[in-house]
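Observations on chain architecture
Each chain, letter by letter, is given below.
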Amino acid sequence: MFEQNILPDSLKRSGWRCNILDYDAVTVALGAELFLAPMSFIVIICLIVAVSSARFANRCDILKLNRVIGIVLLILGIFTIFTKYYL
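Computed from a predicted model, the values in this text were never measured in an experiment. Numbering of residues begins from 1 in every chain and follows the order in which that chain's sequence is written. pLDDT decides what is reported in this predicted model: residues at 70 or higher carry local features, side-chain atom pairs at 80 or more are listed and counted, and totals for whole chains, interfaces and linings draw on all residues regardless. Values reported for side chains reflect all heavy atoms of the structure, with hydrogen atoms and water molecules removed beforehand.

1. Here we look at the overall build of the protein chain
- Helix and strand counts for the protein chain come out as four helices and zero strands.
- Scanning the protein chain from its N terminus toward the C terminus, one meets helices and strands in the order α-α-α-α.
- Counting all 87 residues of the protein chain, 3% fall into the buried class.
- Accessible surface, the protein chain as shown: approximately 8,400 Å² in total, 70% of it carbon and sulfur. Numbering of helices and strands starts at the N terminus; helices are DSSP runs of H or I of at least 4 residues and strands are runs of E of at least 2. Classification of residues uses two cut-offs on accessible area relative to the type maximum, computed with a 1.4 Å probe and protein chains only: under 20% is buried, over 50% is exposed, and between them is partly exposed. Computed by Shrake-Rupley with a 1.4 Å probe, the accessible areas treat only the displayed protein chains as cover when residues are assessed.

Laid out in structure tokens, this is it:
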């Protein structure tokens, strides 16, 4: 197949990022709808959680932070296994 290379070198080197952007552009071009209300809600919640977790991480010592991260990853792992095998 013939491929046109219209991207600049800096974007070609980034690899998968361009593929994701291409996929998004193609799905919208093919008629997929963007739901702005849920998308905006998720972006706002992610920003709030990122700011609050950064404030928490800056205040606590490294041992406590490692325990919290370990517990959160353990809970996420258990939830992932549960949803994969039981739902």
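2. Quick word on the confidence of the model for the protein chain
- Here the protein chain shows a mean pLDDT of 80. Residues at 70 or above account for 72%.
- Across the protein chain, the element-wise mean pLDDT spans from 54 in helix 1 (residues 9-13) up to 95 in helix 4 (residues 62-86). The predictor attaches a confidence to each residue, called pLDDT, with possible values from 0 through 100.

3. Quick look at the packing of aromatic side chains
- Centre distance within 6.5 Å is the pairing criterion for rings of Phe, Tyr and Trp, where only the six-membered ring of Trp is used; planes under 30 degrees apart are then read as stacked, over 60 as edge-to-face, and the remainder as tilted. Under the defined criterion, the tally for this structure stands at one aromatic pair.
- Measuring from ring centre to ring centre gives 5.5 Å for Phe82 and Tyr86, while their planes differ by 35°; the resulting arrangement is tilted. Of this pair, Phe82 and Tyr86 both sit in helix 4, four residues apart, which is roughly one turn of the helix.
- The exposure class assigned to Tyr86 is exposed, which follows from its relative accessible area of 61%.

4. With respect to a nonpolar patch on the surface
- A contiguous nonpolar surface patch, about 570 Å² in accessible area, is contributed by Val28, Leu34, Leu36, Met39, Val43 and Leu47.
- For the nonpolar patch, the element with the most residues is helix 3 (residues 36-59), which contributes four residues.
- Met39 sits in the partly exposed class, given a relative accessible area of 38%. The patch calculation keeps residues exceeding 30% relative accessible area without a salt bridge and links them within 9 Å when they carry like charges or within 5 Å when they are nonpolar (Val, Leu, Ile, Met, Phe, Trp, Tyr). Every case where a carboxyl oxygen of Asp or Glu lies within 4 Å of a side-chain nitrogen of Lys or Arg is listed as a salt bridge.

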